[in-house]
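Residue-level structural notes
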Amino acid sequence: MKHALQLALPSGRFFITSIPFLWFIVFLLIPFAIVFKISFSETAIAVPPYTSLVSTINDTIQLTLNLGNYLYLLTDSLYAAAYLNSIKIAFFSTLLCLLIGYPMAYAIARTQSPLRNLLLMLVVLPSWTSFLIRVYAWIGILKNNGLLNNFLISLGIIDTPLPLLHTNFAVYLGIVYAYLPFMILPLYANLVKMDWNLLDAASDLGARPWKSFLTITLPLSAAGIISGSMLVFIPVVGEFVIPDLLGGPDTLMIGKILWQEFFNNRDWPVASSVAVVMLLLLMGPILLFNRHQNKQIQN
Amino acid sequence: MKAPSRSLFTLLAFGYAFLYIPIIILVIYSFNESQLVTVWSGFSTKWYQALFSDDQLLTAAWVSLRIAFLTATAAVGLGTVAGLVMTRFGRFRGKTLFSALITAPLVMPEVITGLSLLLLFVAMEDLLGFPHGRGMFTIWVAHVTFTTAYVTIIIVSRLRELDNTIEDAAMDLGATPVKVFFVITLPIIAPALISGWLLAFTLSIDDLVIASFVAGPGSTTLPMVIYSSVRLGVSPKINALATLIIGIITLIAIMTTWFMLRVEKQRKKEMEQALIAAKSQ
């Protein structure tokens, strides 16, 4: 009986493994392949609105790869500017999140248990409430007759409202606000495991606090810094909601361009090629994140 | 251990102020009588009444709730299996690809996930005639795909924490793997399943971008309604809706944390009692 079971076991495992495996292959891997395929086709007034790559002319099957969409991305400077600007905005907002999030994660990690749980929950809570609503909250604060301008005018600091909404400033503010918890949580998870005796030892041996921070705490929390930064940087490059609601007409971000190509211009092939280039640009960071995440899981 | 300095706590206080002041302002102004959101003219709950007589909003909320419920349930099932595969099945061919596929949705820009899934559904309909059109079913598939990643991470970290000696012992005593899973593993990871379910639920109910790509006529979700209203400007009705959502989520979060702490305490107590019993024998 046991023998029969052991024989059956590998196939059982195979069956169990194949359920999530197949799901992710069908709904994650194959969709990327289709995006790649459609990025080589042309727009057509049809349902679905693109041409087929494979056609039969005089009984021969022809495969037409149309590089026009990629050429278009190269020649129209709008796209290059949008990619560069997205990466720039993502980079600086990641840096800002790190500068604000690190001291917060550090402080939480150094408090004692009941207070620590409360502080941690207060960080998680906003990230559980609607993303859209948290971005929306800033519109009422930043707009011309909004709370911040009204407040500054009533104090007599300014006479006319400052243009705050629909600027790059508002976009940075919104991104840092919305993504800060994603920076703090992995940093906290890392810092809380830190052996603080190392710091005491360093200070006993005469190291200044800043020096022990730079030579002990910072290198030991590298894993948390990488996880947090990737969790902010990669999604922000493709962010749509924040540049759309808080940004102005000159806030070029590639996620918004993709959305407009798809929904406003109904140009599925160009939207696909925009997505393919974005994925290629993000491939490095995504692989770094994956490898890192797997190492965390392995340990 | 030295206590952290006072300046660090000042910084922490500023950080929390930054995270909470916009939300608090939003809540306060949902009780504003005036149509103008930023000018206070008196206390009123009329925007909440307006909310409950808005049919479009209520319909969308019902759609979102149903999708979120079904998404969370499926994601916990799929995530549990994926978590077991990652932690208890050792090495197998394709494991690198498997774990890459699991972690990718955590960071994948939503516009890419949304576009790629829509193109898949269109291609599937073309080829197989299924799914016919797009609607709640396609949103559900898309949501299960991206929320399962989060659920799996939660379950994996829970399974890692546990040592599997209890499972091994049960297996040595002749329990079948299926029995071991249902009698031992499942009860121990139950708290992770609950928090995974809640996270998947909130992620699903919150999603605007992916749902916008894969939705069809008649499957407008709540974020889609909020978004089109927000684009037209700030309205006190949206503030009222936001306040309700924030209130419900805060309540759920507090209840879960309390429940989790209690379960954890109970488990520790039982472990200690078991140890004492074992020693006294």
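Residues numbered from 1 in each chain as written. Chains lettered and ligands numbered in written order. Predicted model: local features only at pLDDT ≥ 70, side-chain atom pairs only at ≥ 80, totals over all residues.

**A closer look at the overall build of chain A**
We apply this condition: A run of H or I in DSSP becomes a helix once it reaches four residues, and a run of E becomes a strand once it reaches two; helices and strands are each numbered from the N terminus. We compute the radius of gyration from the C-alpha atoms alone; for a globule the expected value is 2.2 Å times N to the 0.38, where N is the number of residues. With C-beta atoms placed from the backbone, a residue is labelled by how many other C-beta atoms lie within 10 Å of its own: buried for 20 or more, exposed for 12 or fewer, partly exposed between the two. By definition, residue pairs are in contact when their C-beta atoms, positioned from the backbone, come within 7 Å.
For chain A, the helix and strand inventory stands at 13 helices and two strands. Rg of the C-alpha trace for chain A: 25 Å, well past the compact-globule value of 19 Å for 299 residues, more than 25% over. Overall size of chain A, expressed as C-alpha extent along the three principal axes, is 85 × 80 × 35 Å. By the burial criterion, 41% of the 299 residues in chain A qualify as buried. Of the contacts formed within chain A by residues at least 6 apart in sequence, a portion of 70% connects residues at least 24 apart.

**As for the overall build of chain B**
Within chain B, the secondary structure is distributed over 11 helices and zero strands. Secondary structure elements of chain B, listed N to C terminal, follow the sequence α-α-α-α-α-α-α-α-α-α-α. In terms of overall dimensions, chain B is more spread out than a globule: its C-alpha atoms have a radius of gyration of 24 Å, far above the 19 Å expected for 281 residues. Reported as C-alpha extents along the three principal axes, the dimensions of chain B are approximately 75 × 65 × 35 Å. Among the 281 residues that make up chain B, the fraction classed as buried is 41%. Partitioning the intrachain contacts of chain B with sequence separation of at least 6 by distance along the chain shows that 77% fall at a separation of at least 24.

**Let's talk about the interface of chain B and chain A**
Going by this rule: All amino acids are sorted into three groups, where Ala, Val, Leu, Ile, Met, Phe, Trp, Tyr, Cys and Pro are nonpolar, Asp, Glu, Lys and Arg are charged, and the leftover types, Gly among them, are polar.
Listed as interface residues are 65 residues of chain B and, on the opposing side, 73 residues of chain A. Element by element, the count of residues in the side of chain B that touches chain A is highest for helix α1 (residues 6-29) of chain B, at 12 residues. Across the side of chain B that touches chain A, the residue classes break down as 52 nonpolar, 10 polar and three charged.

**A look at the packing of helix α7 (residues 165-172) of chain B against helix α8 (residues 177-206) of chain B**
Residue and element names in this part refer to chain B. In plain terms, the rule: Note on geometry: axes are lines fitted to C-alpha atoms, helical ones only across the stretch in contact, with angles between N-to-C directions running from 0 to 180 degrees. By definition, any crossing whose near helix is turned counterclockwise from its far helix by less than a right angle is left-handed, and any crossing with a clockwise turn is right-handed.
As a packed pair, α7 and α8 sit with axes 10 Å apart at the nearest point and diverge in direction by 145°. For the pair α7 and α8, the sense of crossing is right-handed. On the side of α7, the interface is formed by I166, E167, A170 and M171, while α8 contributes V180, I184 and T185. For the contact of α7 with α8, the residue count by class is five nonpolar, one polar and one charged.

**Focus on helix α9 (residues 209-220) of chain A**
Quick reminder of the rule: One fewer than the residue count of a helix, multiplied by 1.5 Å, yields its expected span.
Compared with an ideal rise of 1.5 Å per residue, which puts 12 residues at 16 Å, α9 of chain A spans 15 Å between its outermost C-alpha atoms and is within 8% of the ideal. Among the 12 residues that make up α9 of chain A, zero are buried, leaving the element largely open to the surroundings.

**Notes on the environment of A81 of chain A**
Within the secondary structure, A81 of chain A sits in helix α3 (residues 77-109). When the C-alpha atoms of A81 of chain A and V192 of chain A are compared, they prove to be 41 Å apart, with 111 residues separating the residues in sequence.

**Concerning the packing of helix α5 (residues 131-142) of chain A against helix α7 (residues 168-191) of chain A**
Residues and elements named next belong to chain A. Let me state the cut-off plainly: Throughout, the term roughly parallel applies to angles under 35 degrees, roughly antiparallel to angles over 145, roughly perpendicular to angles from 65 to 115, and oblique to all others.
Here α5 crosses α7 at 140°, and the two axes come no closer than 10 Å. When the interaxial angle is binned, α5 and α7 end up oblique. By crossing handedness, the relation of α5 to α7 is classed as right-handed. Where α5 approaches α7, its residues F131, R134, V135, W138 and L142 are matched on the opposing element by A170, L173, G174, Y177 and A178. Taken together, the residues of the contact of α5 with α7 sort by class into eight nonpolar, one polar and one charged.

**Observations concerning unusual backbone geometry**
All names here are of chain A. At H166, a position not held by glycine, the phi torsion is positive, near 60°. Locating H166 in the fold gives a position in the loop between α6 (147-154) and α7. At R266, a residue that is not glycine, the phi angle is positive and equals roughly 50°. With respect to the helices, strands and loops of the structure, R266 is situated in the loop between α12 (254-264) and α13 (268-298).

**Considering the environment of G15 of chain B**
One can find G15 of chain B in helix α1. What G15 of chain B contacts, discounting residues up to four positions off in sequence, is I100 and M104 of chain A.

**Concerning the confidence of the model for chain B**
In low-pLDDT segments, the atomic positions of the prediction should not be examined closely. Quick note on the threshold: On a range of 0 to 100, pLDDT expresses the predictor's confidence in each residue.
Across chain B, pLDDT averages 86, with 98% of residues at or above 70. What the predictor reports for the complex is a pTM of 0.88 with an ipTM of 0.87.

**Considerations on the environment of Q266 of chain B**
For Q266 of chain B, the location among the structural elements is in helix α11 (residues 236-280). C-alpha separation for the pair Q266 of chain B and F43 of chain B, spaced 223 residues apart in sequence, amounts to 45 Å.

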